[in-house]
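Listed here are the chains, written in short residue letters.
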Amino acid sequence: MTTQTYTGGCQCGAVRYEVTVDLDSTVVCNCSRCGRLGTIMAFTTMDQFKLLSGEGAMTEYMFNHHVIHHLFCSTCGIQSYSYGKRPDGAEMVAINCRCLDGVDPWTLTPKQFDGKSL
Ligand SMILES: [Zn+2]
């Protein structure tokens, strides 16, 4: 796998997006949110992400340093992506790889990120 364009979204179909990501570099995190959700994340830049539908269909949740916008579908509750600023200030999008069409999450080999200790 290399960098590829995928479509994805929430469970009910209200939120749909197109995104270009490298699924060879995925991450799982043990922080108070990711640890509960079990999200497998892949990161990309804003210009590689296009929201096709779902603007206004999502609820935003922020915690901790309030730099990441966690967006979940107000209907089905699935958080298919989030966005925010990296520590260096650059805008980034975190994709929930479990929400990508045609991607088997069991084929991914995510690295562990110790978000709990931050
Ligand atoms: Zn939904």
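Just above, that's the structure.
Since we're looking at a predicted model, the values are computed, not measured.

Draft legend 1. Inspection of the sheet that holds strand E7 (residues 68-73) at higher detail. Strand order in this open sheet of seven strands is E6-E7-E8-E9-E4-E3-E10, and the pairing throughout is mixed. Because the sheet does not close on itself, it has two edges, and the strands there are strand E6 (58-61) and strand E10 (111-113). Across the sheet, the mean angle separating the axes of adjacent strands is 30 degrees when strand polarity is ignored. One ladder, built from four bridges, connects E6 with E7; its direction is antiparallel. The residue bridging Thr-59 from the neighbouring strand is Phe-72, located in E7.

Draft legend 2. View of the coordination of the zinc ion. Looking at the metal site, the zinc ion is ligated by Cys-10 (SG), Cys-12 (SG), Cys-73 (SG) and Cys-76 (SG), spaced 2.3 to 2.4 Å from it. If you list the donors of the zinc ion from N- to C-terminus, the spacing comes out as C-x1-C-x60-C-x2-C. Here Cys-73 lies in strand E7 and Cys-10 lies in the loop between strand E1 (3-9) and strand E2 (16-22), a separation of 63 residues in the sequence.

Draft legend 3. View of the packing of aromatic side chains. Per the counting criterion, the structure on display carries four aromatic pairs. For the pair Tyr-17 and Tyr-81, a centre-to-centre distance of 5.7 Å together with 80 degrees between the ring planes defines the contact as edge-to-face. Taken together, the positions of Tyr-17 in strand E2 and Tyr-81 in strand E8 (residues 81-85) put the pair 64 residues apart, joining distant regions of the chain. Tyr-81 matches Tyr-17 in its accessibility class, with the two residues each being buried. Judged by centre distance (4.6 Å) and plane angle (40 degrees), the rings of Phe-49 and Tyr-81 are tilted. Pair noted here: Phe-49 is in strand E5 (residues 49-53) and Tyr-81 is in strand E8, with a separation of 32 residues, a long-range link. Side by side, Phe-49 and Tyr-81 carry an identical accessibility label, which is buried.

Draft legend 4. Region of the structure containing the sheet that holds E2. Pairing in this open sheet of three strands is antiparallel, and the strands run E1-E2-E5 from one edge to the other. Edge positions in the sheet fall to E1 and E5, since each of these pairs with one other strand and no more. When strand polarity is set aside, the average angle formed by the axes of neighbouring strands in this sheet is 25 degrees. Summarising the sheet, E2 and E5 pair through four bridges and their orientation is antiparallel. In the sheet register, Tyr-17 faces E5, and the bridge partner there is Leu-51.

Draft legend 5. Structural view of the pattern of salt bridges. Applying the stated criterion across every chain yields a total of three salt bridges. One salt bridge in this structure joins Arg-16 and Asp-101, with 2.6 Å as the shortest N-O distance. You can see Arg-16 sitting in strand E2 and its partner Asp-101 sitting in the loop between strand E9 (91-96) and E10, a full 85 residues away along the chain. Judged by relative accessible area, which is 26%, Arg-16 ranks as partly exposed. For Lys-85, the salt bridge goes to Glu-91, with nearest N and O atoms at 3.2 Å. Residue classification places Glu-91 among the partly exposed positions, given a relative accessible area of 36%.

Calculation notes
- Residues numbered from 1 in each chain as written.
- Predicted model: local features only at pLDDT ≥ 70, side-chain atom pairs only at ≥ 80, totals over all residues.
- Heavy atoms only, no water.
- Pairing = 2+ DSSP bridges.
- Helix = DSSP H or I, 4+ residues; strand = E, 2+ residues; numbered from the N terminus.
- Axes fitted to C-alpha atoms, helices over the stretch in contact; angles between N-to-C directions.
- Donors = N, O, S within 2.8 Å, 3.2 Å for Na, K, Ca; no water.
- Phe/Tyr/Trp six-rings, centres within 6.5 Å; stacked < 30°, edge-to-face > 60°.
- Buried < 20%, exposed > 50% of the residue type's maximum accessible area, 1.4 Å probe, protein only.
- Salt bridge = Lys/Arg side-chain N within 4 Å of Asp/Glu carboxyl O.

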